[in-house]
Amino acid sequence: MKHLANITDDDRWRIVLAKDRRFDGVFVTGVHSTGIYCRPSCPARVPLRRNVRFYSCWNAAESAGLRACKRCAPNTQSAEEACVLAAIAAIRAEGAMTLAALSELTGYAPAHFQRLFKRSVGISPAAFARALRDERVRAGLSAGQSVAHALEIAGYSGQKQFYAEMKGRLGMTASDWSRGGADKLVHWAVLPTTLGPMLVAATDKGVCCLAFGEGEAELQARFPRAELVAAGEDFRELFAAVVAAIEQPGPGSAAIPLDVKGTAFQQRVWEELRRIPHGETRSYGALAAALGDPKASRAVGGANGANHVAVLIPCHRVIASDGTLGGYAYGLEIKAELLRREGR
C-alpha cells in the first residue's frame, strides 16, 4: 500500500474492502445511494463502487449532504480511540504504567492494547511515558529549576536513573540543559557544495546543525551559550559524509549521527520525517495522520520549522496538500533540487 500522501481512490477502495482500521480518521467513505458516510473499517456491507465517493473528513462529507453512519459513528471517537486517549491521560497523570495496568484500565488484552496504542500514537506506551518525562525535565531545567528538583517533578528516582536512561539519547546532560548548553563545544565549518555554501556543526555526539547560506553569526544565534570552534581533523570524516549526503543522496545518510534536541512531539515528527523513503514526499496532513492525530498538521509544521538539521532530517520532503512545493527555509530552488536528486 502506498503512503497516506500518495493514496489514490483505488487505494482507498481497497482499504474499504479490507476494512483496515489504520485508516480510520484519514478519510471517510461517502455512499451516495444511501446518503450516509462511514469509516473505512465500517462493519456494514460493502457498497457498490459506483455509489461511493471519498472525502478527507466528516465535515466535507456532511457539506456534501451526507449523514453519519450509526454503526461506525465516523463523526465521533471510536471505542479504541477513546481507550488510547484514556491511557494517555492516565500516563500524564500517573507516569509510566505497566501494560497490565493499562489493560485493566481499557479492557483490552495487554498485547492487543500495545499494538493499538503504537498504531495510534506511533510509539509504545512505555516510550511515550519516557518521552513525556524527558520533556518535563527539559521544561523544568529551562525554567530555572535545580537538576534534583526537575528530576523529582518529572518522576525520576534520582540522577543515576536519569543518566542511565538518557545515555545516548539526550546528548547534553541535565546540568548542561540547566545552563542552556553553556561550556558545550560545537565544531563547525562552512563547506562548498553544488547547492551553495553549507554550514555544518557538530558536537562530539553528532551533527547538531546543517543549514544553507548561514555562517558563524547564525550558528551562534542558534546556540548562544555554546563555545564555537573551527572543526579540525577529528571531524573531517563526519563532515565529508554530510557533504556526500547532499551531493549524492542515498539511504546511507541515515547512519550519520545526530545530536538534536526537541520536545517529545518534535522528536516524533523528526523520526517520521526520516522514515520517508528517498524519492517520496508527504503533506503536513499525511504526516499528522501517520502520527495518529490527523488534526495536528499545524503542529507538524511547527516541528518542521524547529528542525536545525536540514536534509539529514528531511523536512524538504514535506509539500503542500495540492502537490506544490510549499515553503522551505532555504528557498524553493534548493528544495526542488534536493527532491530532484532523490528521484522525485
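Given the structure is predicted, the values throughout are model-derived calculations rather than measurements.

### Structural notes on unusual backbone geometry
Stage number 1. Despite not being glycine, A73 shows a phi value in the positive range, around 45°.
Stage number 2. Position of A73 among the secondary structure elements: in the loop between β4 (67-68) and α3 (79-94).
Stage number 3. Backbone geometry places V311, a non-glycine residue, at a positive phi of 70°.
Stage number 4. Structurally, the position occupied by V311 is in the loop between α14 (297-305) and β10 (318-319).

### A look at the sheet that holds strand β5 (residues 185-191)
Stage number 1. In spatial order, the strands read β7-β6-β5-β8; together these four strands make up an open sheet with mixed pairing. In the strand order of this sheet, the two ends are held by β7 (206-212) and β8 (227-230), each with one partner. With direction set aside, neighbouring strand axes in the sheet form an average angle of 25°.
Stage number 2. One ladder, built from five bridges, connects β5 with strand β6 (residues 198-203); its direction is antiparallel. Bridge pairing in β6 links H187 to A202.

### A few points about the pairing of β5
Stage number 1. A large share of β5 lies buried, amounting to five of its seven residues.
Stage number 2. The pairing of β5 with β8 spans four bridges and is parallel. Considered in β8, the bridge of W188 is made with A230.

### Brief notes about the side chain of E342
Stage number 1. If you trace the backbone, E342 turns up in the segment after α15 (332-341).
Stage number 2. Residue classification places E342 among the buried residues on the basis of a relative accessible area of 10%.
Stage number 3. Polar side-chain contacts of E342 include one of 2.9 Å to the side chain of H316.
Stage number 4. Filtering out sequence-adjacent residues up to four positions away, E342 remains in contact with P249, H278, G279, H316 and R317.

### Section: the packing of aromatic side chains
The geometry of an aromatic ring pair is captured by two quantities: the separation of the ring centres and the angle between the planes.
Stage number 1. Under the definition given, this model contains six aromatic pairs.
Stage number 2. Relative to Y330, the ring of F212 has its centre 5.8 Å away and its plane inclined at 75°; by these criteria the two rings are edge-to-face. Note that F212 is positioned in strand β7 and Y330 in the loop between β10 and α15, a separation of 118 residues in sequence.
Stage number 3. Look at Y328 and Y330: their rings are 5.6 Å apart centre to centre, the planes differ by 75°, and that puts the pair in the edge-to-face class.
Stage number 4. Overall, the relative accessible area of 14% leaves Y328 in the buried class.
Stage number 5. Within the aromatic cluster, the residues linked to one another by ring pairs are F113, F117 and F128.

### Observations concerning the packing of helix α12 (residues 264-275) against α14
Stage number 1. The contact between α12 and α14 brings their axes to 9 Å, and the two run at 80°. With respect to α14, the axis of α12 lies roughly perpendicular. From α12, F265, Q266, V269, W270 and L273 reach across to α14, where they touch A299, V300, A303 and N304.
Stage number 2. Looking at side-chain class alone, the contact of α12 with α14 contains seven nonpolar, two polar and no charged residues.

Rules behind the numbers
Residues numbered from 1 in each chain as written. Predicted model: local features only at pLDDT ≥ 70, side-chain atom pairs only at ≥ 80, totals over all residues. Heavy atoms only, no water. Helix = DSSP H or I, 4+ residues; strand = E, 2+ residues; numbered from the N terminus. Pairing = 2+ DSSP bridges. Axes fitted to C-alpha atoms, helices over the stretch in contact; angles between N-to-C directions. Buried < 20%, exposed > 50% of the residue type's maximum accessible area, 1.4 Å probe, protein only. Polar contact = N/O pair within 3.5 Å; in protein donor to acceptor, adjacent residues only side chain to side chain. Contact = heavy atoms within 4.5 Å. Phe/Tyr/Trp six-rings, centres within 6.5 Å; stacked < 30°, edge-to-face > 60°. Parallel < 35°, antiparallel > 145°, perpendicular 65-115°, else oblique. Nonpolar A, V, L, I, M, F, W, Y, C, P; charged D, E, K, R; others polar.

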